[in-house]
Amino acid sequence: MVKIQQFFVKHQKIILALNTVLILFAETAKWLFHINAAYQVLMLIVGIIGLIPILLTAISSLKVKLVSIDVLVSLAVIGAIVIGEFNEAAIVTWLFALGDVLEELTLKKTRKAVSDLTKMAPKTALVLQDDGATEEEDIDFIDLGEKILIKTGDQVPVDGKIVAGSGYLNEANVNGESKPADQVYAGTILEDGTLTVETTAAGNDTTFGKIIEMVEEAQDSKSHTEKLINRFSKYYTPAVLVIAIIVGLITRDFKLTITVMVLGCPGALVIGVPVSTVAGIGNGAKNGVMFKGSQVMDAARKVDEIAFDKTGTLTVGHPEVNKIEVLSGNKDEIINLAANIESQSNHPLAKAMAKLSEQKIDQIETKTVKGNGMIADLDREKYYLGNLALIEENTFANSKLTQVVDKLSNLGNSVVVLTNSNQSKLAVFGIKDRLRPEAETALRQLKQLGIKKLIMLSGDNQETAQQIAADLPIDEIHGQMLPADKAQFVKKEQENGHHVAFIGDGINDSPALANADIAIAIGSGTDVAVDVSDIVLVKNDLRKIADALSISKRTVLNMNENIGIALLTVLLLFIGLFTGYVEMANGMFIHEFSILVVILNGMRLIKNHRKVDGHQFSDKEKDLALNM
């Protein structure tokens, strides 16, 4: 039986397509060629093919003492076949199969990105021997305390503390930031320098290993979400069966008993939820929001608290020169000089400064000072470009310079200083990621929609995080948070009774995304973030979050309306049946008409437009952030 079930599950779309073709042939034979025998035979074939997977599922549910809708549908279809109503058997099974396929299409998630994340984990490390030589070893055999050599461009294989050397780490995989190294995490990239690291964690015990573990566990826990319709079948199915049995015992009329089950078969109930889901998801797609199923919408409408990652989510994700303070020398000359020196580096901050000027200076010779900056030679004069330590080591201390550096640092900037040997040319560049242009508007819209608390979680230090979010309507700001800290924060808020949505874009966000009630990913984010999310903002516009919440509420309301229409139709059919106004023929007409009604009701969602404070946003306004 299990193998047969697996066959029907594997080929359910093909079987649905086949049955659809057979029904079309049957209707053609009846209405165009008036061959009723062919019509009956084809409908019987469709009914039997469609019944098999439903019956097998019904048997499985009965084994675990669950009277599901599959049980009622199976009995109704068998009864319809027994009394010769082959067309009803065919239509009922076809509708049921269509509902299953629609639901599967909307709920399908690929786990490919999580598999790719696992492949990204480092496999080997260069272990320093007592004689200074190195030996490549599998990370599973690395012991705590062993010293590991990491070179420029290498992926860091372990968590550890730096005991020798200096460098610049791209830690986007772990905390969303890039910064000079003081300690290292597995999975990060050493962009500049050479390090000797004493191992504090290796393999699955590293921060990166725990990210993978948390994502897999949390995603598995979400994969068992029941279909919304099963909530109703728990009570609905037994009720219809009891009514049919009572009718049979009282009237001794087998056809009437089967008619009760056929008319009670929830065609509109089966199709209503998937239709609402597909229409709601279609609306979302049209508005740049991708939903991953009806259960996502049901959870999204309950959200009362939203936590945001900072880098790449509330901010653009690309550092830019924010402030230039020239203490001595010609500003244009200094900017051009700094841009040309930095153009020879791949450092993230260097890329931001290189954009300041397109005027090329020939014959600049540069060398990198690991972890501190660069020294350039031009026209027999040396220039120093980097952090304050590089400047003071190679020129002299300057109290005014220190004051400016401290001021820009306190404003959340990464600071780069350019000077020559006598400081006749001296300037300070403040570089930081900028907020998304639509961020403030988006957050205010969420407040208007009733979200009680907005939170920012960042890998930056607390002061920098507060500076960046100073102009936003944020209720709480938490800095210095690793991926595990973000995930733990989400869990704590859930324990306090909040329904939490988390919004992020990177691998470092995936544990928090996977544990949130609703995970929302920025479409430009990593595959892993998009994969573990429930909602994806395809157009990278934070204002789409409000669209997502609005569409979710409308869709769930529409689902409930369809369920109400279906149940009301069944109730009226039963009343009409027992009062003599309804028979199987006209009853099935009403039954099919109710299906059309729920489909049309669901299609209303396609035209849904969100309004905030009575204002409907135009396409020009919606796309403003993308063009700024």
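The preceding data block contains the structure.
What this report covers is the structure whose coordinates are included nearby. Treat the numbers as computed from the prediction; the structure is a model and nothing was measured. (Residues numbered from 1 in each chain as written. Predicted model: local features only at pLDDT ≥ 70, side-chain atom pairs only at ≥ 80, totals over all residues. Heavy atoms only, no water.)

Things to note about the overall build of the protein
Secondary structure assignment for the protein yields 25 helices and 22 strands. Put simply, 66% of the contacts in the protein that link residues at least 6 apart link residues at least 24 apart. (Helix = DSSP H or I, 4+ residues; strand = E, 2+ residues; numbered from the N terminus. Contact = heavy atoms within 4.5 Å.)

Some details on the pairing of strand β18 (residues 500-504)
Of all five residues that make up β18, five are buried, and the element is covered over most of its length. Because side chains alternate across β18, one face comprises the buried residues Val500, Phe502 and Gly504, and the other comprises Ala501 and Ile503, equally buried. In this sheet, β18 lies alongside strand β9 (residues 305-309) in parallel orientation, the contact comprising four bridges. Counterpart to Phe308 in the pairing with β18 is Ile503. Judged from the four bridges that link them, β18 and strand β19 (residues 518-522) form a sheet pairing that is parallel. The partner of Phe502 across the bridge, within β19, is Ala519. In this fold, the crossover linking β18 to β19 by way of helix α20 (residues 510-515) has right-handed handedness. (Buried < 20%, exposed > 50% of the residue type's maximum accessible area, 1.4 Å probe, protein only. Pairing = 2+ DSSP bridges. Right-handed = clockwise from strand over helix to strand, strands pointing away.)

Description of unusual backbone geometry
Even without being glycine, Asp379 reaches a positive phi, approximately 55°. Within the element layout of this structure, Asp379 appears in the loop between β12 (373-378) and β13 (381-386). The backbone of Arg380 shows a phi angle near 65°, a positive value even though the residue is not glycine. You can see Arg380 is positioned in the loop between β12 and β13.

Let's talk about the pattern of salt bridges
Counted by the stated rule, this structure contains 15 salt bridges. The partner of Glu493 in a salt bridge is Lys453, and the shortest N-O contact between them spans 3.3 Å. Pair noted here: Glu493 is in helix α19 (residues 483-495) and Lys453 is in strand β16 (residues 453-457), with a separation of 40 residues, a long-range link. There is no split in this pair, since Glu493 and Lys453 are both buried. With a closest N to O distance of 3.0 Å, Glu561 and Arg604 form a salt bridge. One end of the pair, Glu561, is in helix α22 (residues 544-579); the other, Arg604, is in the loop between α23 (584-603) and β21 (611-612), and 43 residues separate them in sequence. The exposure class of Glu561 is partly exposed, given its relative accessible area of 31%. Each of Glu305, Lys453, Glu476 and Glu493 takes part in a single network of salt bridges with overlapping partners. (Salt bridge = Lys/Arg side-chain N within 4 Å of Asp/Glu carboxyl O.)

Let's talk about the sheet that holds β16
Strand order in the open sheet formed by seven strands is β8-β20-β19-β18-β9-β16-β17, with mixed pairing between adjacent strands. Each edge of the open sheet is held by one strand with a lone partner, namely β8 (289-291) and β17 (476-478). Mean inter-strand twist for the sheet, computed between neighbouring axes without regard to direction, equals 20°. The pairing of β8 with strand β20 (residues 535-537) spans three bridges and is classified as antiparallel. Within β20, the residue paired with Val289 across the bridge is Leu537. (Axes fitted to C-alpha atoms, helices over the stretch in contact; angles between N-to-C directions.)

Topic: a nonpolar patch on the surface
There is a patch of nonpolar side chains on the surface, built from Met1, Leu55, Ile59, Ile78, Val82 and Phe254 and spanning about 490 Å² of accessible area. Elements that contribute at least two residues to the nonpolar patch include exactly α3 (36-63) and α4 (69-82). Take Phe254: it is sitting in helix α9 (residues 254-264). (Patch = residues over 30% accessible without salt bridge, like charges linked within 9 Å, V, L, I, M, F, W, Y side chains within 5 Å. Areas by Shrake-Rupley, 256 points an atom, 1.4 Å probe, with all protein chains shown as cover.)

So, the packing of α4 against α9
At a closest axis distance of 8 Å, the pairing of α4 and α9 adopts a crossing angle of 135°. In terms of orientation, α4 lies oblique with respect to α9. In terms of crossing hand, the pair formed by α4 and α9 is left-handed. In contact with Leu72, Leu75, Ala76, Gly79, Ala80 and Val82 of α4, α9 contributes Phe254, Ile258, Met261, Val262 and Gly264. (Parallel < 35°, antiparallel > 145°, perpendicular 65-115°, else oblique. Left-handed = near helix turned anticlockwise from the far one by under 90°.)

Side note on the packing of aromatic side chains
Throughout the structure, instances matching the rule amount to two aromatic pairs. Between Phe574 and Phe578, the aromatic rings sit 6.4 Å apart at their centres with planes inclined by 45°, giving tilted as the arrangement. Of this pair, Phe574 and Phe578 both sit in helix α22, four residues apart, which is roughly one turn of that helix. Residue classification places Phe578 among the partly exposed positions, given a relative accessible area of 45%. (Phe/Tyr/Trp six-rings, centres within 6.5 Å; stacked < 30°, edge-to-face > 60°.)

Regarding the pairing of strand β2 (residues 134-138)
Pairing between strand β1 (residues 124-128) and β2: five bridges, direction antiparallel. From the neighbouring strand, Leu128 faces β2, where its bridge partner is Thr134. The antiparallel pairing of β1 with β2 creates a hairpin that spans five residues between the two strands, and Gly132 there sits at a positive phi of about 90°.

Some remarks on the side chain of Asn19
Position of Asn19 among the secondary structure elements: in helix α2 (residues 12-31). Setting aside anything within four residues of it in sequence, one finds Asn19 in contact with Val46, Ile49, Gly50 and Trp94.

Here we look at α4
An ideal rise of 1.5 Å per residue puts 20 Å on 14 residues; α4 measures up with 20 Å between its terminal C-alpha atoms. For α4, the tally of buried residues reaches 10 of 14 residues, placing the bulk of the element in the interior. For α4, every residue scored as buried is listed here: Ile69, Asp70, Val71, Leu72, Val73, Ser74, Ala76, Val77, Gly79 and Ala80. In the segment just after α4, Gly84 is the residue with positive phi, at about 85°. (Expected span 1.5 Å × (residues − 1).)

Points about the environment of Phe574
Look at Phe574 and you get buried, because its relative accessible area is 9%. Along the backbone, Phe574 and Thr259 are 315 residues apart, and their C-alpha atoms lie at a distance of 9.8 Å. In this structure Phe574 touches Val240, Ile243, Val260 and Gly264, once residues within four positions along its chain are discounted.

Digging into helix α13 (residues 331-342)
Over its 12 residues, α13 runs 16 Å from end to end, which matches the ideal 16 Å to within 8%, given 1.5 Å per residue. Among the 12 residues in α13, nine count as buried, and that is most of the element. Turning to α13, its buried residues number three or more, namely Ile334, Ile335, Asn336, Leu337, Ala338, Ala339, Asn340, Ile341 and Glu342. One side-chain oxygen of the residue at the start of α13 lies 3.2 Å from the amide nitrogen of Asp332, identifying that residue as Asn330. (Polar contact = N/O pair within 3.5 Å; in protein donor to acceptor, adjacent residues only side chain to side chain.)

As far as function goes, none of this settles anything; it's purely spatial.
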